[in-house]
Amino acid sequence: TRSMWCQSWGNPHYVTLEGAKFDFYGVGEFVLLHELMAQPDRVLTRDRLEQSLYGWNEEVDSNTLEVHIHHLRRKLFSGLIRTLRGVGYMIERDA
């Protein structure tokens with residue numbers, strides 16, 4: 001089982017994964033990771049993740065979600081975030 005913890009008070013926000021601490025100075029990547037970590041083993045749709053980034057009535061840039069996911073993958077452990085093509089993204093608890 002993967003050890004995961006999010007700290008959202010103060011700046012920077014940080015995440016601890018398997019004993020390693022990762023700082024986040026921007027909000028977007030932290031918000032996405034927090035959403036995915038809060039519901040491990042569950043696929044979150046693109047729409048759901050975009051709503052967590054922008055809210056319900058804001059216009060969404062076409063590739064912002066993919067850019068944030070790309071940055072998270074580079075920053076964190078390889079294979080942490082799984083893509084289900086045409087469906088969404090997830091973090092597996094026991095990957």
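It should be noted that the structure appears before, not after, this text.
The following refers to the structure shown. (Residues numbered from 1 in each chain as written. Predicted model: local features only at pLDDT ≥ 70, side-chain atom pairs only at ≥ 80, totals over all residues. Heavy atoms only, no water.)

Here's the deal with the side chain of Gln39
- Its location among the elements puts Gln39 in the loop between helix 1 (27-38) and strand 4 (44-45).
- Owing to a relative accessible area of 17%, Gln39 belongs among the buried residues under this scheme.
- In terms of polar contacts, Gln39 uses its side chain to reach the side chain of Arg42, at 2.3 Å.
- Setting aside residues no more than four positions away along its own chain, Gln39 makes contact with Leu44 and Arg48. (Helix = DSSP H or I, 4+ residues; strand = E, 2+ residues; numbered from the N terminus. Buried < 20%, exposed > 50% of the residue type's maximum accessible area, 1.4 Å probe, protein only. Polar contact = N/O pair within 3.5 Å; in protein donor to acceptor, adjacent residues only side chain to side chain. Contact = heavy atoms within 4.5 Å.)

Things to note about the side chain of Glu29
- Its location among the elements puts Glu29 in helix 1.
- Salt bridges are absent for the buried Glu29, whose nearest opposite-charge side chain, Lys75, sits at 4.4 Å.
- Beyond its immediate chain neighbours, meaning those up to four positions away, Glu29 contacts Phe24, His68, His71, Leu72 and Lys75. (Lys, Arg positive; Asp, Glu negative; His and termini not counted. Salt bridge = Lys/Arg side-chain N within 4 Å of Asp/Glu carboxyl O.)

Topic: the nonpolar core
- Phe24, Leu33, Leu36, Leu76 and Ile81 are the most contacted members of the largest nonpolar core, which totals 19 residues.
- At the level of elements, strand 2 (13-17), strand 3 (20-24), helix 1, helix 3 (64-75) and strand 6 (88-91) are the ones that each hand at least two residues to this core.
- Broken down by element, the residue count for this core peaks at 5 residues, all from helix 1.
- For Leu36, the residues in contact, after removing those within four places along its chain, are Leu44, Leu49, Ile69, Ile81, Tyr89, Met90 and Ile91. (Core = buried A, V, L, I, M, F, W, Y, C linked by side-chain atoms within 4.5 Å.)

Notes on the packing of helix 1 against helix 2 (residues 46-54)
- Closest axis-to-axis distance for the helix 1/helix 2 pair is 9 Å, and the angle between their directions is 135°. Taken together, the axis directions place helix 1 and helix 2 in an arrangement best described as oblique. Considering only the axes of helix 1 and helix 2, their crossing is right-handed. Together, Gly28, Val31, Leu32, Glu35 and Leu36 of helix 1 and Arg48, Leu49, Ser52 and Leu53 of helix 2 make up the contact between the two elements.
- When its residues are assigned to classes, the contact of helix 1 with helix 2 shows 5 nonpolar, 2 polar and 2 charged. (Axes fitted to C-alpha atoms, helices over the stretch in contact; angles between N-to-C directions. Parallel < 35°, antiparallel > 145°, perpendicular 65-115°, else oblique. Left-handed = near helix turned anticlockwise from the far one by under 90°. Nonpolar A, V, L, I, M, F, W, Y, C, P; charged D, E, K, R; others polar.)

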